[in-house]
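Chain by chain, the residues:
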Amino acid sequence: MATASSATLADELHRARRLPAQWASALVAVPRERFIPDRMWVDEGGYDDLECVSLDRAVEPERWRAAVYSDRVIVTQFDDGATVWPQVGHRPTCSSSMPSAMLGMLGVLDVREEHRVLEIGAGTGYNAALLAQRAAQVTTVEVDPTLAEQARAALDGLSTVRVVTADGAAGRQPGAPFDRVLATASVRLGQLPYEWVAQTRPGGVIVAPVRADLTSGPLVRFTVGEDGTATGRVMPIRVGFMELRAHRTPSRWPRLRWDDPAADLTHSGDLSPRTALWVEALRWAIALAVPQCKYDVWKRTTDRTQEVTWLVDICSGSWASVTPDAAEGRYDVRQYGPRRLWNEAEAAHRWWRRSGEPTLEDWEFLITPDRQTVRPARSGKDPPDRG
Ligand SMILES: C[S@@+](CC[C@H](N)C(=O)[O-])C[C@H]1O[C@@H](n2cnc3c(N)ncnc32)[C@H](O)[C@@H]1O
């Protein structure tokens, strides 16, 4: 078997149809190993479920190399550096994203030779090095000084890339206007920094993963207009990115008992929790209508039918637990706190059905200096009210 390298990774992604043709030579030309620390964590869990394993290049050189040249997330920092390798931390705070996701985003960005590109989140510097293969100038901003220094060292020798240590939420006025802005950290829905729009030339493009509490996607491509507004549509690739630092939400889960007798118990038959969470178009509609609500699914026993689906608003202390009832097709719904989260989700479901079940690609985003909105373009209807 061939030794793992950028060429073997390019082959794998090409066969999986996950390598945009215009980025193939850049991928082969840039060795990912130059940007990955000798001691790192590789994700062996897959897309929705991060399961990190510590790897040390000195101890397992072949395994380290195979991980670096695989289509997997490599985490390079946990908890802003407070967790020391080989411990696996709580919150990943820097990673080299899945190459297929990065390349998908680069494909959507539509970079040309003459472009000046602003990247938010330098991280390891690998994506900036890929960008530099195709763009005239790349400015990449990193909020964490240690990471910025490492990226600067790894990118040493690339005269067209500048690494700036700063909060990327402010963009980078000295380099503006940019033709392209790429966020490699996600922004909260409704909070895309307007500076990015103001620093992009009319006709320019901003690509950013947009996040709501209930979902870590979608990837949105905005086009900046002459009037200083930007309109965006969801792209047909799915990504899950860590948040911009200022957009983080509490990630510690409260201690809860799914059958807490203090909760109100009702029954539901209209909406199954699996449909609510795994039909992506519906989950997005619910995410918009039920803000400040996270979810989780736990198994009560090894029996898959004994799942508990949780909706939790950490701020107000409201929660809902939904479990299959003995009566087929029905669910026991327990709700606690000032909000009735499952009722809100059901109301969003009814709205979504009435509105012709808009897909993610049907939604249109608008950003002006003082307002950010999202609504389904096809139906022209207002987004769901809170239930
Ligand atoms: C998924 S990583 C980026 C991966 C990177 N582009 C690469 O090729 O390795 C996200 C990065 O965004 C950085 N970040 C988070 N908030 C930021 C902010 N407000 N300004 C600049 N960088 C930020 C994090 O420190 C982290 O390094």
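Residues numbered from 1 in each chain as written. Predicted model: local features only at pLDDT ≥ 70, side-chain atom pairs only at ≥ 80, totals over all residues.

Things to note about the sheet that holds strand E3 (residues 74-78)
As a reminder of what qualifies: In this description, strands pair whenever DSSP reports at least two bridges between them. Note on conventions: DSSP H or I runs of at least 4 residues are helices, E runs of at least 2 residues are strands, and numbering of each starts at the N terminus. Between N-to-C directions, angles span 0 to 180 degrees; the directions come from axes that are lines fitted to C-alpha atoms, helices contributing only their stretch in contact. Contacts are defined on C-beta atoms placed from the backbone: any two residues whose C-beta positions lie within 7 Å are in contact.
Across the sheet, which stays open at both edges, the four strands sit in the order E2-E1-E3-E4 with antiparallel pairing between neighbours. In the strand order of this sheet, the two ends are held by strand E2 (52-56) and strand E4 (92-96), each with one partner. Across this sheet, the average inter-strand angle for adjacent strands is 40 degrees, counted without regard to direction. Packed onto the sheet, helix H3 (residues 61-68) meets strand E1 (39-43), E2 and E3 and runs at close to 125 degrees relative to E2.

Comments concerning the nonpolar core
Selection criterion: Under the definition applied here, buried Ala, Val, Leu, Ile, Met, Phe, Trp, Tyr and Cys residues are grouped into a nonpolar core through C-beta atoms within 7 Å. Note on burial: count the other C-beta atoms lying within 10 Å of the residue's C-beta; 20 or more is buried, 12 or fewer is exposed, in between is partly exposed, and C-beta positions come from the backbone.
Ranked by size, the top nonpolar core spans 111 residues in total, and within it Ile206 and Ile286 carry the most contacts. In terms of residues, this core owes the most to one element, helix H9 (residues 280-289), which gives seven residues. In this view, Ile206 contacts Val181, Trp196, Val197, Thr200, Phe222, Val224 and Ala230; residues no more than four positions away in its chain are not counted.

Brief notes about the domain arrangement of the protein chain
Here is the rule we go by: Marked domain ranges trace back to an automatic or database domain assignment.
When the domains of the protein chain are assigned, the result is domain 1 (6-99), domain 2 (100-247) and domain 3 (264-354). Taking the mean C-alpha position of each, domain 1 and domain 3 sit 34 Å from one another.

Notes on the site of the ligand
Our working rule: The rule is simple: place the C-beta atom from the backbone, and if it lies within 6 Å of a molecule or strand, the residue is near it. The classification used treats Ala, Val, Leu, Ile, Met, Phe, Trp, Tyr, Cys and Pro as nonpolar, Asp, Glu, Lys and Arg as charged, and all other residues, Gly among them, as polar.
Residues in close proximity to the ligand total 26 residues, the closest being Gly121, Gly123, Thr124, Asn127 and Gly168. Within the residue set of the shell around the ligand, elements represented by two or more residues are E4, helix H5 (126-132) and strand E6 (137-142). Among the elements that make up the shell around the ligand, the one with the highest residue count is E4 (four residues). Across the shell around the ligand, the residue classes break down as twelve nonpolar, ten polar and four charged.

A look at the environment of Pro358
When you line up the elements, Pro358 lands in the loop between helix H10 (341-354) and strand E18 (363-368). Judged by C-beta crowding, with 21 C-beta atoms within 10 Å, Pro358 ranks as buried. Pro358 sits 221 residues away from Gln137 along the chain, and the two C-alpha atoms are 39 Å apart.

What about the sheet that holds strand E17 (residues 331-336)?
With antiparallel pairing, the five strands of this open sheet are ordered in space as E13-E17-E16-E15-E14. Either end of the sheet is taken by a strand with one partner, and the two such strands are strand E13 (264-268) and strand E14 (294-299). Mean inter-strand twist for the sheet, computed between neighbouring axes without regard to direction, equals 20 degrees. In this structure, strand E15 (residues 307-313) lies alongside strand E16 (residues 318-324), joined through five bridges in antiparallel fashion. For Val312, the partnering residue across the bridge sits in E16 and is Trp319. Together, E13, E15, E16 and E17 form the strand contacts of H10, whose direction differs from that of E16 by roughly 70 degrees.

A few points about the packing of H9 against H10
Going by this rule: Throughout this description, any angle smaller than 35 degrees is read as roughly parallel, any larger than 145 degrees as roughly antiparallel, any in the 65 to 115 degree range as roughly perpendicular, and the remainder as oblique. Helix crossings fall into two classes, left-handed where the near helix is turned counterclockwise from the far one by less than a right angle and right-handed where it is turned clockwise.
Look at H9 against H10: their axes get within 9 Å of each other, and the N-to-C directions meet at 125 degrees. Here H10 runs oblique to H9, going by the angle between their axes. When you trace H9 past H10, the crossing you get is right-handed. Contacts between H9 and H10 involve Leu282, Ala285, Ile286 and Ala289 from the former and Glu344, Ala345, Ala347, Ala348, His349, Trp351 and Trp352 from the latter. In the contact of H9 with H10, the residues fall into nine nonpolar, one polar and one charged.

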